[in-house]
There are 4 protein chains.
Amino acid sequence: MVKKAGDKYHAIIDAAVKVIAEHGYHNAQVTKIAREAQVADGTIYLYFESKDDLLISLFRLKMTRFVEKVKHQIELVDTVEQKLYQLIYMHFKQLAMDQDLAIVTQIELRQSNRDIRKLIGATLKIYHQLIEDLIRQGIDEGKFHQQLDIRVMRQMIFGTIDETVTSWVMKEMKYDLLSLVQPVFFLLMNALKCK
Amino acid sequence: MVKKAGDKYHAIIDAAVKVIAEHGYHNAQVTKIAREAQVADGTIYLYFESKDDLLISLFRLKMTRFVEKVKHQIELVDTVEQKLYQLIYMHFKQLAMDQDLAIVTQIELRQSNRDIRKLIGATLKIYHQLIEDLIRQGIDEGKFHQQLDIRVMRQMIFGTIDETVTSWVMKEMKYDLLSLVQPVFFLLMNALKCK
Amino acid sequence: MVKKAGDKYHAIIDAAVKVIAEHGYHNAQVTKIAREAQVADGTIYLYFESKDDLLISLFRLKMTRFVEKVKHQIELVDTVEQKLYQLIYMHFKQLAMDQDLAIVTQIELRQSNRDIRKLIGATLKIYHQLIEDLIRQGIDEGKFHQQLDIRVMRQMIFGTIDETVTSWVMKEMKYDLLSLVQPVFFLLMNALKCK
Amino acid sequence: MVKKAGDKYHAIIDAAVKVIAEHGYHNAQVTKIAREAQVADGTIYLYFESKDDLLISLFRLKMTRFVEKVKHQIELVDTVEQKLYQLIYMHFKQLAMDQDLAIVTQIELRQSNRDIRKLIGATLKIYHQLIEDLIRQGIDEGKFHQQLDIRVMRQMIFGTIDETVTSWVMKEMKYDLLSLVQPVFFLLMNALKCK
DNA sequence: GATGAATGAGGCTTCATTCAT
DNA sequence: AATGAATGAAGCCTCATTCAT
């Protein structure tokens, strides 16, 4: 397999995102992706072991970048409140700016098979970790409840954010996702903060 | 098409749930479902127009019952707090008791194709409606925040509950889902309540 | 198998003609024919051995009646010219009056499988025989050519008549078939007569 | 879809003709045709959209060539008598030389479904046109009857020729079709000519 | 490295026929 | 005699993957 460095590696991944967003997971045949990437069908197999490998790589690449950006932005601010705000803002911002990616991650990729889902689950753990670190900081600083299960808190944060994005995608992105940063932040802070 | 009344209608749906839970959405062939239901392949087409129709019917039937039970239980109590508690409790309870159904609704059915997902979305609206009614009651009674978008509140409630169940399923149901009723309820009340 | 005498025997055959004319040979399922005949699916198998048997019986019954009528009418006149005229007239007349039957015999039944076609061929022989008898009379009376192969003459008569009807059916019976009796008779007489 | 130029396009069509002639229309499964053409099942779908498309293409290709040859041969002679003779001769000659094709066009393809039959009808129009042009020439030259409907004349010519071939095929080609060119020509000339 | 024609396994669905009532 | 729910065999087509060029 060729190293990832090549232009084509990213061209294929981007083509996959576009094709899946446009035609749906079940209509994203290898041939279609190859045509969109302007390579031959066989070329895809020089860069990826299988179609599954392409999809996993796609999710991993995009997710890693996604998390990296959130993480980087969070490190620029100090208080846990600001960090949570940045997390929600960056999450919404990135998907609002790349609507194809939003469709793919919120809807289409969830239709993939078990093995892919498992690996996606593994990739998501990094993001979950990030959220749990944030929660721990909040608890340490005495700002968040101490008795609550961190996992449950994380599930609330991720669940709320994820459901908000999914609803927005399902409504065909007809409203401004970023306008929901504020209310979502408010609700989550309310839920978590130690009064 | 034969009427739904027959034993076989439900036998087929139950067989489908079991086969999908066991083998996954993409390995739930009609032949497998038929064998599990102890009918011939063709018999399925006496009760359902297509495999898609079977899956949609499955979800609609189970979801309708699900919502009916939650709705019924909620009506037995008065305060909005009790209602929210019952909602979470019933949601977790029903899926904890029918783990095959949990796998199917949380994981496998989300892999279905666009058309099925659309109809599933329509069915879910009933549940969303139920939650929003509950929120409105809370607002009317002056217990919940008034300035917040009801949709965002609903997304938080549903997103948190759904993510909690999905995480539990992904962890292969190794812990007691019902033990999370209390903390989830606490967090959600915290988030919503007007202080 | 029940005897043919019953009402249902003919009800089923007539239903078959109607269903095939309406929906085409490949969409004439047993269930549809049964419903049209107002009997149960299984009842058909009390009167016919198989669907093929029904179709063969249908053709044989209709064909026999058809030929009988032509034969009877021909016997009422003396000269071979009058007989040929009656043959063409009766052929066109009967199909013009029963357009469903016309569709079935000219178009749909020709789509049936090999075995049915073979038996249909056998049934057609009676009609061929009738035509050849007529030709022989013409030759004997010194009115038709004597050197020509009777089979070729018969093929011309039948071929011309049959193609004329088929063309009419293909044109959705938009013109009056009976207006073609005269010209077809004229052409055929021209061809055959000894000058 | 790959272009028709490839060897395989014709290999598949020829295989289809052979399989249909040998096993009959209803027993000409895609798998059988593929095996005969020595390609994989899927390969057929690189060259044809569907099985129907293959059958239509088959008929169109063979029919077009057929008509082209007849047309070409007719143009080599001047008088309408010679042209009619060539038409009959070429028609019989081509089918006598390719008996598989004869079986397919006279018997099996007529068993195809409505859509295929419609397109076959359209293709046949070219041939009908050719015959009618010939008739018009005969009339213009004062050799054929002028009062007769050209359509009826064409139906006689085509009907007689077609029935002659069909009878020959049904008799399992046990006699020499070409020996019928002369008598058929004689009969048709007799019918049409202005005396 | 790149191509793209060829492969072939596998599944949904139809419908003539049966048989318990 | 009549019913009609149940049967199950059989076929068209898709598409991820390969490999000769």
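Think of each chain on its own: its residues are numbered from 1, step by step along the sequence as written. Here every chain gets a letter starting at A, and every ligand a number starting at 1, in the order they are written. It should be noted that, the model being predicted, local features are given only for residues of pLDDT at least 70 and side-chain atom pairs only at 80 or more, the latter also being counted only at that level, while totals for whole chains, interfaces and linings use all residues. Derived side-chain values reflect all non-hydrogen atoms in the structure, with water molecules and hydrogen atoms excluded from consideration.

**Some words on the overall build of chain A**
What counts, and what does not: A run of H or I in DSSP counts as a helix once it spans at least four residues, and a run of E counts as a strand once it spans at least two, with each numbered from the N terminus. For every residue, the accessible area obtained with a 1.4 Å probe (protein chains only) is divided by the maximum for its type, and the residue is called buried under 20%, exposed over 50%, and partly exposed between those limits. In this description, contact between two residues means that some pair of their heavy atoms is separated by no more than 4.5 Å.
The helix and strand inventory of chain A stands at nine helices and zero strands. Its helices and strands in sequence order give chain A the pattern α-α-α-α-α-α-α-α-α, from N to C terminus. Principal-axis analysis of the C-alpha atoms gives chain A an extent of 60 × 35 × 30 Å. Sorting the 195 residues of chain A into buried and exposed places 55% on the buried side. The contacts in chain A between residues at least 6 apart in sequence include a share of 71% that link residues at least 24 apart.

**Describing the interface of chain C and chain D**
Rule in force here: Using a 1.4 Å probe, buried area is obtained as the accessible area two parts lose upon being combined, added over both of them. Here a salt bridge means any side-chain nitrogen of Lys or Arg lying within 4 Å of a carboxyl oxygen belonging to Asp or Glu. Under the scheme applied, nonpolar residues are Ala, Val, Leu, Ile, Met, Phe, Trp, Tyr, Cys and Pro; charged residues are Asp, Glu, Lys and Arg; polar residues are all the others, including Gly.
With 42 residues of chain C at the contact, the number on the chain D side is 41 residues. Taken over both partners, the interface formed by chain C and chain D buries close to 3,400 Å², and the fraction arising from carbon and sulfur atoms is 60%. The three residues of chain C that bury the most area against chain D are Arg114, Gln155 and Leu187 of chain C, which together make up 18% of that side's buried surface. Taken together, chain C and chain D are joined by zero salt bridges. At the level of secondary structure, the elements contributing two or more residues to the side of chain C that touches chain D comprise helix 1 (7-23), helix 7 (114-140), helix 8 (150-170) and helix 9 (181-192) of chain C. When the residues that make up the side of chain C that touches chain D are grouped by side-chain class, the tally is 17 nonpolar, 14 polar and eleven charged.

**Some points on the UniProt feature "DNA-binding region" (unreviewed entry) in chain A**
Note the cut-off: UniProt positions are given in the numbering used here, feature names are shortened, and annotations may be inferred rather than shown by experiment.
The sites that carry the UniProt feature "DNA-binding region" (unreviewed entry) are, in the present numbering, residues 29-48 of chain A. Annotated as 75% helix and 0% strand, the span residues 29-48 of chain A places its first and last C-alpha atoms 15 Å apart.

**A closer look at the relation of the copies chain B and chain A**
Mapping between the two chain copies consists of a rotation about an axis together with a translation along that axis. Quick note on the threshold: Copy-to-copy alignment: least squares on C-alpha atoms, limited to residues at pLDDT 70 or above in both.
Once chain B is rotated about the relating axis by 179° and shifted along it by 0.1 Å, it coincides with chain A to within an RMSD of 0.1 Å. The relationship between the two copies is best expressed as a two-fold rotation axis. A shared interface surface links the copies, since 100% of the contact residues of chain B are contact residues in chain A too.

**A closer look at the interface of chain B and chain A**
Worth spelling out the cut-off: Throughout this description, a polar contact denotes any pair of N or O atoms lying within 3.5 Å of each other; where both atoms belong to protein, one of them has to be capable of donating a hydrogen while the other can accept it, and for residues adjacent in sequence the pair is counted only when both atoms sit in side chains.
With 41 residues of chain B at the contact, the number on the chain A side is 42 residues. Counting the surface lost from both chain B and chain A, the interface buries some 3,400 Å², and carbon and sulfur atoms represent 60% of this. At the boundary of chain B and chain A, one finds nine residue pairs in polar contact (both at pLDDT 80 or more). For the side of chain B that touches chain A, the secondary-structure elements that each account for two or more residues are helix 1 (7-23), helix 7 (114-140), helix 8 (150-170) and helix 9 (181-192) of chain B. For the side of chain B that touches chain A, the element with the highest residue contribution is helix 8 of chain B, accounting for twelve residues.

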